[in-house]
Amino acid sequence: MKKLLSVVLSIIMAFSVMPLQSYAINIIYITDGWLRFDDNTTFYFEDGERVVGWKFIDDNWYYFDIDDGMVYSNFIVDNNKIYVLSDDGTMARNEWVKVGNDWMYADKNGVAYTNQWLKINNKWYYFDADGFIYTNGIYKIGNAKYGFSSSGVMYVGWFKLNDKWYYANTSGALKTGWLKYKNFWYYLDPSTCIMQTGLKKINGKWYYFDKDGSIAHGWRWTSIDTVEQMYYFTDNGMVVKKGWYRINGYWYYFDKGNGRMYSNKSDLTYKGKVYKFDSKGVCLNP
């Protein structure tokens, strides 16, 4: 049934001093259903009235604002719930929707996941209070920290982010402190969770970690207490600071305070005897 929404107005005014003129407004007939205006606002009519709020039309849900008609934005808040909408205005259900540079995911009722984990295609994602996934960073969730890729997937195992290496266990929680991985030891900072390289003082003891993060064994060139030279690190990764130490059949002497190796630059007087060393630290008169 057609409804007359605009009336025809024809006004004819005659004045003795002016020619006869007429003014008219076009007739617009509206059937129940869709109506789009030139400014791209879209309305839906039912029983001659504009629909406001949710409406189920042709197997899809739509939301209509009282002034602007059908909502095209990718989400709305209704009754304290965030609903996700596709670009064509239909309610999204069990699917991803991109909002700017971010992503949201709608459940079967179109409601966005918020403040919770969700496993999709065997991958874990986390959604914040606004319904957006965490991406490309380290985030604290509960009592643990987690790493997420640029696509929002939670990392497991070793991963690199902003040129720093991290390790996440099978639950995704980032590991801190000592880590044994494939018979090698690594150390991840207790605060930042970043894998350590180079010289590191841990619980008052000096350790050295190679570029791949594994704990060093043997000789390494580094600086301890501003003294830059070769230091020797034992199988447990600690710098030798125990005085006399035999390596591959040769005797060396390491300062008990900082591990500094004696060489031809400095003789050692030990128990009344003067010991000499070559440039590589080998004692010449053990």
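Residues numbered from 1 in each chain as written. Predicted model: local features only at pLDDT ≥ 70, side-chain atom pairs only at ≥ 80, totals over all residues. Heavy atoms only, no water.

Visitor: Describe the pattern of salt bridges, naming the residues involved and giving the relevant values.
Guide: Overall, the coordinates contain four salt bridges when judged by the stated rule. Residue Asp 189 is joined to Lys 200 by a salt bridge in which the shortest nitrogen-to-oxygen separation is 3.7 Å. Taken together, the residues Asp 189 in the loop between β22 (184-188) and β23 (198-202) and Lys 200 in strand β23 connect sequence positions 11 residues apart. For Asp 189, a relative accessible area of 15% gives the class buried. Overall, the relative accessible area of 21% leaves Lys 200 in the partly exposed class. (Salt bridge = Lys/Arg side-chain N within 4 Å of Asp/Glu carboxyl O. Helix = DSSP H or I, 4+ residues; strand = E, 2+ residues; numbered from the N terminus. Buried < 20%, exposed > 50% of the residue type's maximum accessible area, 1.4 Å probe, protein only.)

Visitor: Describe in detail the layout of surface pockets, supporting the description with residues and values.
Guide: The space that makes up the largest pocket amounts to roughly 210 Å³. Among the elements that take part in the lining of the largest pocket, strand β26 (residues 227-233) stands out by supplying four residues, more than any other. Each residue belonging to the lining of the largest pocket can be placed in one class, and the counts come to four nonpolar, four polar and three charged. (1 Å grid on protein atoms, 1.4 Å probe; cavity = no way out; pocket = protein on both sides within 12 Å on 5 of 7 lines; lining within 4 Å. Points joined across faces, edges and corners; volume = space filled by probe spheres on them. Nonpolar A, V, L, I, M, F, W, Y, C, P; charged D, E, K, R; others polar.)

Visitor: Got a sec to walk through the side chain of Asp 189? Specific residues and values, please.
Guide: A distance of 2.8 Å separates a polar atom in the side chain of Asp 189 from the backbone nitrogen of Ser 191. When neighbours within four sequence positions are excluded, Asp 189 is seen to be in contact with Thr 176, Ile 194, Gln 196 and Lys 200. (Polar contact = N/O pair within 3.5 Å; in protein donor to acceptor, adjacent residues only side chain to side chain. Contact = heavy atoms within 4.5 Å.)

Visitor: Which residues make up the side chain of Thr 41, and what values go with them?
Guide: Looking at the secondary structure, you find Thr 41 in the loop between β5 (33-36) and β6 (42-46). In this structure Thr 41 comes out as buried when scored by relative accessible area, which is 19%. For Thr 41, the side chain forms a polar contact with the side chain of Asp 39, separated by 2.6 Å. Residues contacting Thr 41, with those up to four places away along its chain left out, are Leu 35, Arg 36 and Asp 68.

Visitor: Run through a negative patch on the surface, naming residues and quoting values.
Guide: On the surface, a cluster of negative charge is made up of Asp 38, Asp 39, Asp 67 and Asp 68. Looking at where Asp 38 falls in the secondary structure, it is placed in the loop between β5 and β6. (Patch = residues over 30% accessible without salt bridge, like charges linked within 9 Å, V, L, I, M, F, W, Y side chains within 5 Å. Areas by Shrake-Rupley, 256 points an atom, 1.4 Å probe, with all protein chains shown as cover. Lys, Arg positive; Asp, Glu negative; His and termini not counted. Charge placed at Lys NZ, Arg CZ, Asp CG, Glu CD.)

Visitor: So, the environment of Asn 115: which residues are in play, and what are the values?
Guide: Structurally, Asn 115 can be placed in the loop between β14 (102-106) and β15 (116-120). As a C-alpha pair, Asn 115 and Tyr 126 span 11 residues in sequence and 7.2 Å in three-dimensional space. Here Asn 115 is in contact with Tyr 126, Phe 127, Asp 128 and Ala 129, once residues within four sequence places are set aside.

Visitor: An account of the pairing of strand β17 (residues 137-141) is requested, with residue identities and associated values reported.
Guide: As paired strands, β17 and strand β18 (residues 144-148) are joined by five bridges and run antiparallel to one another. By the bridge assignment for β18, Lys 140 is matched with Lys 145. Taking the residues between adjacent antiparallel strands as the criterion, β17 and β18 are bridged by two residues, where Gly 142 takes a positive phi near 70 degrees. (Pairing = 2+ DSSP bridges.)

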